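A structural walkthrough
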Amino acid sequence: MSPTMASSLCVFAAMSGASGRPSAGGSAVPGRLSSSTQGGKGKRAVVQPLAASVVTETPAPAVAPARPVVDAPPRRRGGRGTVEHAAWKSVRQERWEGALELEGELPLWLDGTYLRNGPGLWNLGDYGFRHLFDGYATLVRVSFRDGQAVGAHRQIESEAYKAARAHGKVCYREFSEVPKAEGFLSHVGQLATLFSGSSLTDNSNTGVVRLGDGRVLCLTETIKGSIVVDPDTLDTIGKFEYTDRLGGLIHSAHPIVTDTEFWTLIPDLIRPGYSVVRMDAGTNERRFVGRVDCRGGPAPGWVHSFPITDHYVVVPEMPLRYCARNLLRAEPTPLYKFEWHLESGSYMHVMCKASGRVVATVEVPPFVTFHFINAYEEKDDEGRVTAIIADCCEHNANTSILDKLRLQNLRSSTGQDVLPDARVGRFRIPLDGSPFGELEPALDPDQHGRGMDMCSINPAHVGKKYRYAYACGAHRPCNFPNTLTKIDLVEKTAKNWYEEGAVPSEPFFVPRPGAVEEDDGVAISMVSAKDGSAYALVLDAKTFHEIARAKFPYAMPYGLHCCWVPRSTSDA
């Protein structure tokens, strides 16, 4: 056996999960017109097709909050004269809180806390991180009550962040960053800690979820990066310790969370496959449900997210597969910790929640996705389930999206049309024993500018048939998703909010209490504006017109995923 293969197997062993059962137990204010329709500089944009009127401003808070310092990343070669967008700069101050100035009118029923997580610190002193996904986690809060808004942000105090702050350098393995080895013995020591998992980051910069019992977790793909936070103060409470014996070092960054349960996937890198596990609300114990064996390739396909239905878990297996050899590299490849194995095939597996039995495995066209949107069961006239429909943000089987998210690319290609095309990819997975499934666009990608990612839906429709999704799309030319998009999967149309130069983050749907219609509510997004300002944007989810914006007094970096904490659970 070669040394490379031996090292790879050690990493596989260290990162594998359980390979089987455990051995032991108001009225809306329309958005403003874009500069292209108004003919003036800096005009705000909006819902397409065009609509419009001027927003009335409410008075600023009586006490102006202090303005945190925003730290520009170090200039790199070739960057002379480049105007860097606030979305890709770090917030240097660790925390801030204050009342937000409002434009427009917030609905009085909007009563709770919006939380957004993401990588908000990309530099340590003079050292700048390479990739969007490397940054240390910054948690943002906007609390809505009685038509007012209070904002805050704070760095999540992971061990990785605290060590980097103390030593002024990277101390754990991030997405593309590896601690610098000082000599051969140091390198050997790093390999040993990699195999044990102790050098993997706990930088929980990806998602934030509210569990059924009210606890709030920030998450990333390492299991050790599950961190409990206080949604009111944003304090880091501590690690979320799983009390089971399932093991594993990595899991899906996006679990499925409901009021009663928590579902996730644990990749097995020794015997390529996935363990499907669930956790009841109020516990820390994951329970093994079943195992899916991979059909092809040297390792499991990356599972950043996955969908469920009422009765089934859908496990995707794409050709973008985990690669231990790339994980060992000090310098990243364009695919980072993955490899593309087109020859291995692409598959969708369906597991029964109740029995843990795999009821279907079908081959599908090649695909690349970070985020599944939703799935539901297709039934015949007699009520029998005949197929599973699963929708995702699909990048046309193009892996270049990973390298396009290097910070150098994001900072240097503003105004260029270099964002790879994406679509709402719809899988149809037959349950009649057929060996093949289908993958087609759910609507014309030109409806949303051939850009699609960062989706949310009405939470009452998770696992059920649904009509609407809220996402980030594209107004071209662009190098990153730059619109907010409402997708209508019945009419196969899209409404797009756009503001010149703005970078919005994932729009999160919050239903109006007592609502009957699926799109009765608001969509909230944090926006990094062209002029260096930042605000929480609130859109009427029906019309997709702007209702209000709550303005922060300082620039805000881009963030990833978000959640909603109702007032009843966040503040008595």
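Residues numbered from 1 in each chain as written. Predicted model: local features only at pLDDT ≥ 70, side-chain atom pairs only at ≥ 80, totals over all residues. Heavy atoms only, no water.

Some words on the overall build of the protein chain
In terms of regular secondary structure, the protein chain is built from eight helices and 37 strands. Total accessible area computed for the protein chain in this model is approximately 22500 Å², and 51% of it derives from carbon and sulfur atoms. (Helix = DSSP H or I, 4+ residues; strand = E, 2+ residues; numbered from the N terminus. Areas by Shrake-Rupley, 256 points an atom, 1.4 Å probe, with all protein chains shown as cover.)

What to know about the packing of aromatic side chains
All told, the structure shown has 22 aromatic pairs when counted by the stated rule. Ring geometry for Tyr-322 against Phe-338: centres 5.7 Å apart, planes inclined by 55°, an arrangement best described as tilted. Of this pair, Tyr-322 sits in strand β20 (residues 320-322) while Phe-338 sits in strand β21 (residues 338-340), placing them 16 residues apart in sequence. Of the two residues, Tyr-322 and Phe-338, neither departs from the other in class, the shared state being buried. Aromatic pair Phe-480 and Tyr-558: ring centres 4.9 Å apart, planes at 85°, arrangement edge-to-face. Residue Phe-480 is located in the loop between β29 (468-473) and β30 (483-488), and its partner Tyr-558 is located in the loop between β36 (546-552) and β37 (562-566); the two are separated by 78 residues in the primary sequence. Given a relative accessible area of 7%, Phe-480 falls into the buried group. Among the aromatic residues, those joined into a ring-pair cluster are Phe-133, Phe-175, Trp-302, Tyr-322, Tyr-336, Phe-338 and Phe-370. Here Arg-286 stacks its cationic end above the ring of Tyr-242, 4.5 Å away from the centre of that ring. In this structure, Lys-486 is placed above the aromatic ring of Tyr-468, and the distance from its NZ or CZ to the ring centre is 4.4 Å. (Phe/Tyr/Trp six-rings, centres within 6.5 Å; stacked < 30°, edge-to-face > 60°. Buried < 20%, exposed > 50% of the residue type's maximum accessible area, 1.4 Å probe, protein only. Lys NZ or Arg CZ within 6 Å of the ring centre and 35° of its normal.)

A few points about the side chain of Asp-520
Its location among the elements puts Asp-520 in the loop between β33 (508-511) and β34 (521-528). A polar contact of 2.7 Å, which involves the side chain of Asp-520, links it to the side chain of Arg-512. Every residue in contact with Asp-520, bar those within four places of it in the chain, is listed here: Phe-509, Pro-511, Arg-512, Ala-515 and Lys-542. (Polar contact = N/O pair within 3.5 Å; in protein donor to acceptor, adjacent residues only side chain to side chain. Contact = heavy atoms within 4.5 Å.)

Some words on the sheet that holds strand β12 (residues 216-219)
With respect to topology, four strands assemble into an open sheet ordered β11-β12-β13-β14, the strand pairing being antiparallel. With partners counted over all chains shown, the strands left at the sheet margins are β11 (207-210) and β14 (236-239), one partner each. Going across the sheet, the axis of each strand differs from the next one's by a mean of 30°, ignoring polarity. Bridging between β11 and β12 involves four bridges; their strand directions are antiparallel. Paired with Gly-207 across the strands is Leu-219, a residue of β12. (Pairing = 2+ DSSP bridges. Axes fitted to C-alpha atoms, helices over the stretch in contact; angles between N-to-C directions.)

Observations concerning the layout of surface pockets
Looking at the largest pocket, its volume works out to about 1200 Å³. For the largest pocket, the lining is made up of 40 residues, of which Val-257, Ile-457, Pro-459, Val-462 and Phe-508 are closest to its centre. Looking at which element gives the most residues to the lining of the largest pocket, the answer is strand β24 (residues 369-379), with five residues. For the lining of the largest pocket, the class distribution of residues is 27 nonpolar, eight polar and five charged. (1 Å grid on protein atoms, 1.4 Å probe; cavity = no way out; pocket = protein on both sides within 12 Å on 5 of 7 lines; lining within 4 Å. Points joined across faces, edges and corners; volume = space filled by probe spheres on them. Nonpolar A, V, L, I, M, F, W, Y, C, P; charged D, E, K, R; others polar.)

Focus on the sheet that holds strand β27 (residues 438-441)
Taking strand neighbours across the sheet as the criterion, the four strands line up as β24-β25-β26-β27 in an open arrangement whose pairing is antiparallel. Looking at strand neighbours, the two that pair on one side only are β24 and β27, the edges of this open sheet. Looking at each pair of strands side by side, their axes are set apart by 25° on average, direction ignored. As judged from the eight bridges shared by β24 and strand β25 (residues 385-394), these two strands associate in the antiparallel manner.

Structural notes on the pairing of β25
Within β25, eight of the ten residues are buried, which leaves it mostly tucked inside the rest of the structure. As defined by bridge partners, β25 adjoins strand β26 (residues 423-430) across eight bridges and the pair is classed as antiparallel. Paired with Asp-391 across the bridge in β26 is Arg-426.

A short note on the environment of Phe-372
Mapped onto the elements, Phe-372 comes out in strand β24. Of the residues examined, Phe-372 reaches a relative accessible area of 11% and is grouped as buried. Sequence separation between Phe-372 and His-254 is 118 residues, and the spatial gap between their C-alpha atoms is 9.4 Å. The contacts of Phe-372, once residues within four sequence positions are left out, are Ser-305, Phe-306, Pro-307, Pro-316, Met-348, Asp-391, Cys-392 and Phe-427.

Considerations on the UniProt feature "binding site: Fe cation" (unreviewed entry) in the protein chain
On the UniProt side, "binding site: Fe cation" (unreviewed entry) is annotated at positions that read His-254, His-304, His-371 and His-561 here. Spatially, the listed residues are clustered: although they cover 308 residues, their C-alpha atoms lie within 12.8 Å of one another. Restricting the annotated residues just mentioned to those that line the largest cavity leaves His-304, His-371 and His-561. Relative to the helices and strands, His-254 resides in the loop between β14 and β15 (256-257). Not counting residues within four places of it along the chain, the set of residues in contact with His-254 comprises Thr-206, His-304, Ser-305, Phe-306, His-371 and His-561. Along the polypeptide, His-371 turns up in strand β24. For His-371, a relative accessible area of 7% translates into the label buried. Discounting residues that sit within four places of it in the chain, His-371 has contacts with His-254, His-304, Ser-305, Cys-392, Cys-393, Asp-453, Met-454 and His-561. (UniProt positions renumbered as here; feature names shortened; annotations may be inferred.)

Concerning the pairing of strand β9 (residues 136-145)
In terms of residue burial, β9 counts as a mostly covered element, since nine of its ten residues are buried. Bridging between strand β5 (residues 112-116) and β9 involves five bridges; their strand directions are antiparallel. Each residue of the ladder has a partner; that of Thr-113, found in β9, is Ser-143. Here β9 runs beside strand β10 (residues 148-155); their pairing, made up of eight bridges, is antiparallel.

Let's talk about the environment of Pro-435
Residue placement: Pro-435 occurs in the loop between β26 and β27. In the structure, Pro-435 is positioned 88 residues away from Tyr-347 in sequence and 9.8 Å away in space, judged by C-alpha atoms.

Let's talk about unusual backbone geometry
Cis geometry is adopted by the peptide bond preceding Pro-477, which originates at Arg-476 and carries an omega value of 5°. Structurally, the position occupied by Pro-477 is in the loop between β29 and β30. In this structure, Leu-234 is a non-glycine residue whose phi angle is positive, near 70°. In this fold, Leu-234 is placed in the loop between β13 (227-229) and β14.

Focus: the nonpolar core
Counting 86 residues, the largest nonpolar core has Trp-88, Leu-132, Tyr-136, Met-348, Leu-402, Phe-427 and Tyr-558 as the members making the most contacts within it. Leu-102, Ala-548, Tyr-554 and Cys-562 belong to the second-largest nonpolar core, a separate cluster that totals 26 residues. (Core = buried A, V, L, I, M, F, W, Y, C linked by side-chain atoms within 4.5 Å.)

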